[in-house]
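This is what each chain is made of:
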Amino acid sequence: MFEPPSRVPTDSPGTALRLLNGNVRAVLFDLDGTLADTAPDLVAAVNKVRTDRGLPPGAYETLRLQASHGARGLIGSAFGVGPDDAAFPSLRDAFLANYEAALCVESQLFDGIPALLAALAERAVLWGIVTNKAARLTNPLVRLLGLADGAACVVSGDTTPHSKPHPAPLLYAAERIGVAPAQIVYVGDDLRDIQAGKAAGMATVAAAYGYCGDSLAPAQWQADAVVERAGAIAPLVMPPA
C-alpha cells in the first residue's frame, strides 16, 4: 500500500531530500497561482465589473488572494455576495465575459517554472495540468502561455463530474498519462489541491508562493512539502541523475 513520504521542510538549503524516494514518474500542477501568475488578469476582470457599475476598483492584494477560487472567490471578495445571492449570476457572467475577452494580457509563468518544466522533460518525467478552471478558459490560456505542446495532459474543472478537492480529476489525469498515482507528485497553491492529491494517493507540494487564500496557512495543509518559490520544486521531484 502507498504510504505518503515524511513531510519535507520548506526550502531547506542544499536539501537532498526527494519525494517518493526519487521514484517520481510524473508531476501534475494546478494552473492559477502554481504554474502561472494569472491574478493580474483575473483581478482586472472583476474590477471592470465594479467600475462598469460606478464603483472604485477593489484592492489588488485583497482580490489576489482569491484568484485560485475563481468567480466565486473573486465575486465574493469584490462584492460581498455568494452564489446563493440573487445578484451573483449577473456579476459572475459579467466577470467571465471580461476575463474571456482579456485572458492573457499580463498573465505569465512564475519565475522558475520554465526551467523546471524543461528539466522534467530532460529527465523524461511527464508533467501535466489539473485545474478547476473551466475548459473554455483553460485551453486557450494554456496555449497562450506556451504550455500546450509540453503538457502530457490538461484536465479542467469540468472534465470530470467532480472538481477538486475531489480526487476524480487527478485520478483521471493519472489514467490519461498512464502513471500510477503512487508515482505522481501534485503541486498546488490551495488547500483543495492538497486534499485532492492526498485523496488520490499522490505526494503533494504546497506552492506557498501562490495565492493560497486568506485562511489556513500552507504550512498547515498537511502537504508532504511546502515551497516558497517555484525553483525549490525541482530538488523534491527530480529522479537521481
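Shown above is the structure to which this text applies.
Residues numbered from 1 in each chain as written. Predicted model: local features only at pLDDT ≥ 70, side-chain atom pairs only at ≥ 80, totals over all residues. Heavy atoms only, no water.

1. Describing helix α1 (residues 39-52)
Spanning 14 residues, α1 covers 20 Å between terminal C-alpha atoms, matching the ideal 20 Å at 1.5 Å per step. The element α1 is largely enclosed, with a buried count of ten among its 14 residues. By the burial criterion, the buried members of α1 are Ala39, Pro40, Asp41, Leu42, Val43, Ala45, Val46, Asn47, Val49 and Arg50. Contacts from the buried residues of α1 go to β2 (36-37), α2 (60-64), α3 (70-79) and α4 (88-101). (Helix = DSSP H or I, 4+ residues; strand = E, 2+ residues; numbered from the N terminus. Expected span 1.5 Å × (residues − 1). Buried < 20%, exposed > 50% of the residue type's maximum accessible area, 1.4 Å probe, protein only. Contact = heavy atoms within 4.5 Å.)

2. Looking at the sheet that holds strand β8 (residues 225-227)
Taken in spatial order, the six strands make up an open sheet running β5-β4-β1-β6-β7-β8, and their pairing is parallel. Edge positions in the open sheet fall to β5 (154-155) and β8, since each of these has one partner strand only. Sheet topology places strand β1 (residues 26-29) next to strand β4 (residues 126-130); four bridges connect them, and they run parallel. Its bridge partner being in β4, Ala26 is matched across the sheet by Leu126. (Pairing = 2+ DSSP bridges.)

3. A few points about the packing of aromatic side chains
Here the distance between the centres and the angle between the planes together describe a pair of aromatic rings. Under the counting rule described, the total for this entry stands at two aromatic pairs. An angle of 70° between the planes, with centres 5.1 Å apart, marks the rings of Phe110 and Tyr209 as edge-to-face. Highlighted residues: Phe110 in the loop between β3 (108-109) and α5 (113-122) and Tyr209 in the loop between β7 (203-207) and β8, separated in sequence by 99 residues. Here Phe110 matches Tyr209 in class, with each residue buried. (Phe/Tyr/Trp six-rings, centres within 6.5 Å; stacked < 30°, edge-to-face > 60°.)

4. Remarks on the pattern of salt bridges
By the definition in use, this model includes seven salt bridges. Across the pair Arg192 and Asp190 runs a salt bridge, and its minimum N-O distance is 2.9 Å. Looking at Arg192, the relative accessible area reads 24%, which means it is partly exposed. Note on Asp190: relative accessible area 6%, which makes it buried. (Salt bridge = Lys/Arg side-chain N within 4 Å of Asp/Glu carboxyl O.)

5. What to know about the nonpolar core
Core analysis: the biggest nonpolar cluster contains 59 residues, and Phe29, Leu31, Phe95, Ile113, Leu120, Leu147 and Val185 have the highest contact counts within it. Leaving out residues up to four positions away in the same chain, Ile113 has contacts with Thr34, Leu35, Tyr209 and Ala230. Ala173, Ile177, Ala196 and Ala200 belong to the second largest nonpolar core, which has 15 residues in total. (Core = buried A, V, L, I, M, F, W, Y, C linked by side-chain atoms within 4.5 Å.)

6. Examining the side chain of Lys133
Summarising the element assignment, Lys133 is placed in the loop between β4 and α6 (135-144). Here Lys133 falls in the buried class, since its relative accessible area comes to 10%. Look past the residues within four positions of Lys133 in its chain and what remains in contact with it is Leu31, Asp32, Leu42, Tyr99, Thr138, Leu141, Ser156 and Gly157.

7. Observations regarding the environment of Met202
Within the secondary structure, Met202 is located in the loop between α8 (191-199) and β7. Here Met202 falls in the buried class, since its relative accessible area comes to 1%. Spatially, the C-alpha atoms of Met202 and Gln66 are 25 Å apart, while their sequence positions differ by 136 residues.

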